[in-house]
Amino acid sequence: VPGRPRSRPAALKLVLGVLLGVAAAYFLAGPLQRLTLGEAGDALRGLGPQGILLFLLIFAVVQPFGVSSHLFTFTATLVWGQPLAFVLTWVGATLATMTAFGFARYVARDWVQANLPPRFRDLDAKLERSAFRTIFWLRAILWCAPPLGFAVGVSRVNGLTHHLASLLGCLPQVFLSSLLAHFLEGALERDEYSVGSLLTTITVLALVVFGAFVLGRRLLRKKPA
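Residues numbered from 1 in each chain as written. Predicted model: local features only at pLDDT ≥ 70, side-chain atom pairs only at ≥ 80, totals over all residues. Heavy atoms only, no water.

1. Brief notes about a nonpolar patch on the surface
And then number 1: Together, Leu 47, Leu 54, Leu 57, Ile 58, Val 61 and Val 62 line one region of the surface with nonpolar side chains, adding up to about 480 Å² of accessible area.
And then number 2: By secondary structure assignment, the location of Val 62 is in helix H3 (residues 49-62). (Patch = residues over 30% accessible without salt bridge, like charges linked within 9 Å, V, L, I, M, F, W, Y side chains within 5 Å. Areas by Shrake-Rupley, 256 points an atom, 1.4 Å probe, with all protein chains shown as cover. Salt bridge = Lys/Arg side-chain N within 4 Å of Asp/Glu carboxyl O. Helix = DSSP H or I, 4+ residues; strand = E, 2+ residues; numbered from the N terminus.)

2. Comments concerning the packing of aromatic side chains
And then number 1: According to the stated counting rule, one finds 9 aromatic pairs in the structure shown.
And then number 2: Geometrically, the ring pair formed by Phe 55 and Phe 72 is edge-to-face, given 6.0 Å between the ring centres and 70° between the ring planes. Of this pair, Phe 55 sits in helix H3 while Phe 72 sits in helix H4 (residues 69-80); the two residues are 17 residues apart in sequence, bridging distant segments of the chain.
And then number 3: The exposure class assigned to Phe 55 is buried, which follows from its relative accessible area of 8%.
And then number 4: By relative accessible area, Phe 72 is classed as buried at 8%.
And then number 5: Connected via pairs of aromatic rings, a cluster forms that spans Phe 55, Phe 59, Phe 72 and Trp 80. (Phe/Tyr/Trp six-rings, centres within 6.5 Å; stacked < 30°, edge-to-face > 60°. Buried < 20%, exposed > 50% of the residue type's maximum accessible area, 1.4 Å probe, protein only.)

3. Some details on the confidence of the model for the protein
And then number 1: On average, the protein scores 75 in pLDDT, and the residues at 70 or more come to 61%.
And then number 2: For the protein, per-element mean pLDDT is lowest for helix H1 (residues 10-34), which scores 56, and highest for helix H9 (residues 159-169), which scores 93.
And then number 3: Below pLDDT 50 for its whole length, residues 1-8 participates in 4 contacts with residues either more than four positions away or in separate chains.
And then number 4: Note that residues 31-35 has pLDDT below 50 and, in this model, 2 contacts with residues that lie over four places away or in other chains. (pLDDT = per-residue confidence, 0-100. Contact = heavy atoms within 4.5 Å.)

Right, here's the structure in full:
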């Protein structure tokens, strides 16, 4: 609607998200300390291969529509431990990028084109000469950001190029997320879980997300080579 005020800036949304995370950490500290994580993990591991397939399916289908990838990393780490959690996160993240791409290209192309954030709308021009390299670096910075998959889905880039670039580009963020999850897992195992430890994890995660936001925005603003 012409004249309607623009939505809150992304930076403000990030700050509000961090504040909500802090509040959730404060109120969940006690319940999580009383939760028997070993029993919950045993129940999921007891499903065997079906549990892993279910995890990957939910990751691939749900994440492109707003659920944080870090949540899946933490879940995989607490249930299956490293290094399997790293592999599952990497595979799940790659499948999620493919879902976003496929949804935009084959299911809701017109809707996606009409609702892409402005900075993603001219991505096709940036991908014309260096599609693989551009997608690789954007994935390395923005990881599974749904708008990226949607934008490439409505572009002229072929699917194989997107999938391979995403597979490799996701690795740095998967590594960082796995490190944070490993830190949280260690605190839980040593009975050192507290509001402070979780707030530290949230703070580090917020800094990573904010840094990715700034770098990604700069990369998207660059003119095509």
